[in-house]
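# Commentary on secondary and tertiary structure
The primary structure of each chain is shown beneath.
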Amino acid sequence: MSGYISDAVIRRLPIYYRHLRELEREDVKQISSQELGDRMQMTPSQIRQDINSFGGAGRQGYGYQVQELKQHIREIMGLDQEHRMVIIGAGRMGQAVANYASFSREGFRTLAMFDVDGEKVRQEPGMIPVYYASEMEERIRSLKPQIAVLAIPAEEAQKTLDRVYACGIRAVWNFAPVDLAYEKDMVVVNLHLSDSLHTLSYLMHQKNG
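The present account deals with the structure reproduced in this document. (Residues numbered from 1 in each chain as written. Predicted model: local features only at pLDDT ≥ 70, side-chain atom pairs only at ≥ 80, totals over all residues. Heavy atoms only, no water.)

This part covers the packing of aromatic side chains. We describe a pair of aromatic rings using the distance from one ring centre to the other and the angle between the two ring planes. On inspection of all chains with the given rule, the structure shows five aromatic pairs. Ring geometry for F103 versus W173: centroids 5.7 Å apart, planes at 75°, classification edge-to-face. Taken together, the positions of F103 in helix α6 (residues 101-105) and W173 in strand β7 (residues 171-174) put the pair 70 residues apart, joining distant regions of the chain. Classification of F103 as partly exposed rests on a relative accessible area of 22%. Centre to centre, the rings of F114 and Y131 are 5.9 Å apart; their planes meet at 40°, and the pair counts as tilted. (Phe/Tyr/Trp six-rings, centres within 6.5 Å; stacked < 30°, edge-to-face > 60°. Helix = DSSP H or I, 4+ residues; strand = E, 2+ residues; numbered from the N terminus. Buried < 20%, exposed > 50% of the residue type's maximum accessible area, 1.4 Å probe, protein only.)

V86, F114, I140, V164 and V172 are the most contacted members of the largest nonpolar core, which totals 20 residues. Every element with two or more residues in this core is listed here: β3 (83-88), β4 (108-115), α7 (136-143), β6 (147-150) and α8 (154-166). The leading source of residues in this core is α8, at three residues. In contact with V172, not counting residues within four places along its chain, are A148, L150, L161, V164, M186, V187, V188 and V189. Formed by 19 residues, the second largest nonpolar core is a distinct cluster that contains L13, M40, M42 and I51. (Core = buried A, V, L, I, M, F, W, Y, C linked by side-chain atoms within 4.5 Å. Contact = heavy atoms within 4.5 Å.)

Set out below in structure tokens:
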């Protein structure tokens, strides 16, 4: 990888990866910056600039090898490794994350879920076990996950993040609609669904004048 990658390019990496996977399924072997730009609604110069920034290699008049570029981006994003996860909150959002098949195919393996509701607790063969939230520290230390998914109410999120941090987890995917305070050695990505919907509302409003 060559040098610094901007936040904007980092946010586009999954989009490149998705398009390249689609091209591979279509049996496309190589693609030019113009063709890739047309698919992604970007200029060819921006495509070349992005790919150069993360060390992708193309050839003048030939373009990029789809499989090679896809694999390069896969390695940059760490998708060539398995990532073990636990999900805090076994409600609808937590279950949706746990049952999303694409995550497991990409190497994100859910080891367990936790909830305060005893009716959700289960340990059935062939299913992701759901434990009481009070068991979280003991189970996490045993399972050694790398990622915690927070699918819980906003008022529970901060103290839950502090608990998983104390257990050694340094990566959190937060669905709770609140911005969390966390240590410098931790990575937290927020996915606030209402923010996205509000952005859509704004764009609709602007488009409609």
